[in-house]
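# Structure at a glance
Given next are the chains, with one letter for each unit.
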Amino acid sequence: MENYHFSEFSSMTKEDWINTSLATLGEETFTALYHPQLIPHLGVFSYYDKSDIASEPSWFTNRVSADWCYHERIRDDESMSPLELEALAQSGVQGLILTEEQLLKYSAQSTKVFKKLSFDSFKVGFEKNLPDSKKCGGFVFGGKYSEIQKEGTSLVYDLEIDVSGYGAKQDPVFEVVMVLLYLDEMLTSVSEGEALDELCSRLFVRMQLSVHFLSEVVKLRSVSLLLQSVISLVREERQPSINIPIYVAIGSGLEAMALDQQLIRLTSVFLSAVLGGASDIEVVLESNNKSISRYRDISNLLREEAMLSMVVDPLSGSYFIEKITHEMMRKSWLFFQRIKDKGGLVWLQGDYDRFIQITQS
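Criteria and cut-off values
Residues numbered from 1 in each chain as written. Predicted model: local features only at pLDDT ≥ 70, side-chain atom pairs only at ≥ 80, totals over all residues. Heavy atoms only, no water. Helix = DSSP H or I, 4+ residues; strand = E, 2+ residues; numbered from the N terminus. Buried < 20%, exposed > 50% of the residue type's maximum accessible area, 1.4 Å probe, protein only. Phe/Tyr/Trp six-rings, centres within 6.5 Å; stacked < 30°, edge-to-face > 60°. Lys NZ or Arg CZ within 6 Å of the ring centre and 35° of its normal. Polar contact = N/O pair within 3.5 Å; in protein donor to acceptor, adjacent residues only side chain to side chain. Salt bridge = Lys/Arg side-chain N within 4 Å of Asp/Glu carboxyl O. Core = buried A, V, L, I, M, F, W, Y, C linked by side-chain atoms within 4.5 Å. Contact = heavy atoms within 4.5 Å. Arc of directions from axis to C-beta. Right-handed = clockwise from strand over helix to strand, strands pointing away. Expected span 1.5 Å × (residues − 1).

## A few points about unusual backbone geometry
Of note, the phi angle at Gln 170 is positive, near 50°, even though the residue is not glycine. Mapped onto the elements of the fold, Gln 170 is located in the loop between β7 (159-162) and α6 (172-187). Gln 170 sits in the exposed class, given a relative accessible area of 57%.

## Quick look at the packing of aromatic side chains
In the structure shown here, the tally under the stated rule is 8 aromatic pairs. Centroid distance Trp 333 to Phe 336: 5.2 Å. Interplanar angle 45°. Geometry classified as tilted. On the criterion of helical spacing, the pair formed by Trp 333 and Phe 336 is a turn pair, its members being 3 residues apart in helix α11 (residues 319-342). Judged by relative accessible area, which is 4%, Phe 336 ranks as buried. Joined through ring pairs, the aromatic side chains of Tyr 166, Phe 174, Phe 335, Tyr 352 and Phe 355 make up one cluster. The ring of Trp 68 carries Arg 303 above its face, with NZ or CZ at 4.3 Å from the centroid. Here Arg 354 stacks its cationic end above the ring of Trp 347, 5.1 Å away from the centre of that ring.

## Focus on the side chain of Asp 313
Tracing the backbone through its elements, the reader meets Asp 313 in the loop between β11 (311-312) and α11. Asp 313 gets classed as buried once you look at its relative accessible area, which sits at 2%. Of note is the side chain of Asp 313, whose polar atom sits 2.7 Å from the side chain of Arg 221.

## Observations regarding the pattern of salt bridges
With the rule as written, the count across this model stands at 10 salt bridges. The shortest N-O distance in the salt bridge between Arg 296 and Glu 72 comes to 2.7 Å. Separated by 224 residues along the polypeptide, Arg 296 in helix α10 (residues 289-305) and Glu 72 in strand β2 (residues 69-73) bring together distant segments of the chain. Look at Arg 296 and you get buried, because its relative accessible area is 13%. Residue Glu 72 is classed as buried on the basis of its relative accessible area, which comes to 4%. Close ionic contact of Asp 184 with Lys 340 constitutes a salt bridge, the shortest N to O distance being 3.2 Å. Of the two residues, Asp 184 sits in helix α6 while Lys 340 sits in helix α11, which places them 156 residues apart along the sequence. By relative accessible area, Lys 340 is classed as partly exposed at 39%. Three or more residues are tied together by salt bridges with common partners; here these are Glu 175, Glu 216 and Lys 219.

## Comments concerning the nonpolar core
Counting 76 residues, the largest nonpolar core has Val 248, Ile 250, Phe 270, Ile 281 and Phe 355 as the members making the most contacts within it. No other element matches α6, which puts 11 residues into this core. Those residues in contact with Ile 250 that sit more than four places away from it in its chain are Leu 209, Leu 266, Val 269, Phe 270, Ile 281, Glu 282, Val 283 and Val 284.

## Notes on helix α4 (residues 82-90)
Taken together, the buried positions of α4 are occupied by Leu 85, Leu 88 and Ala 89. End-on view of α4: buried residues confined to an arc of 100°, all on one side of the axis. Structural note: α4 exposes Leu 83 and Gln 90 on the side pointing more than 90 degrees away from its buried face. One or two positions beyond α4, positive phi appears at Gly 92, with a value near 120°.

## Quick notes on the pairing of strand β3 (residues 95-98)
Moving residue by residue along a regular strand, the side chains alternate between the two faces of the sheet. Burial along β3 is two-sided: Gly 95 and Ile 97 and Leu 96 and Leu 98, pointing in opposite directions, are all buried. This β-α-β element, β2 to α4 to β3, shows right-handed connectivity.

## Notes on α10
For α10, with 17 residues, the first-to-last C-alpha span of 23 Å sits near the 24 Å given by 1.5 Å per residue. Where α10 is concerned, the buried positions are Ser 291, Ile 292, Ser 293, Tyr 295, Arg 296, Ile 298, Ser 299, Asn 300, Leu 302 and Arg 303. Tucked inside the fold, the buried residues of α10 contact β2, α4, α9 (259-276) and β10 (280-283). Once α10 ends, the next one or two residues include Met 307, with phi positive near 55°.

Structure representation (structure tokens):
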């Protein structure tokens, strides 16, 4: 089944809709259903009017992907055979997270059956142990390390923008601004052309999601669209947009809950990650064999039954989502510019109190 691209919308405006409704229903019925004095004051319409279409920002030409890789860890006290690794991949796990100690034991087989391998930490020189494999979709590293260039590996993500520690502030605009500040810091260190393209091909963002469904959807969409827009501006020439992977951790704060309560909340958070455009998702909860399979089932359900991985940007065209995404992007860009004028990341230093002062100035 091909991906469905919903990028074309009806040309009907609000005025067209009103005229069509009047002609179809008649003035008396229409007035009974939709009072004329109420229509102009509705906060959010389920359709676009002419002013919305005319003022659509250029970054909305970019879209987020709804496909994702679900990642799991091998516990330190667990030992898995090659057949068990293959069964794990077939059960709905696309990415495997290994410690450095597990690298030699599992990586050779893992690159054959998993799309991505991830590493929490590593020491200089450990890349010599990485196997050559054209089947593995890529390596994701939990830190900045620019010397890993393994022949035969299709993708290596080793330049990380990690804002997961800022999620505790529960201020999505702050997190989006921090992503922009880190990106700006990286872009100042590279020149145009191949160096910039290489940086973009190795870059990924690590974030943490809370249970606040709507704000997390908008936060992820804002990050994805702003990254694409900023990079396109820097590259100047209109080239195909680059989708920067967003690796999200979900489940924080749910540790004390019973499994059935966790599953309800995790499904909501997982859905916000998918609809927001996260490319990689990990559940960060202590788990046993029963719970970890249930967490995995959430990903499988959204992929195989809801078929969300088959639709490119399912929320594209939603007036409400795009309107509030637009508002968050504008706020984030404004505050980013103010902080950049004061010295950028070096000046802010991740200080939330300073950020609040900037937003209130």
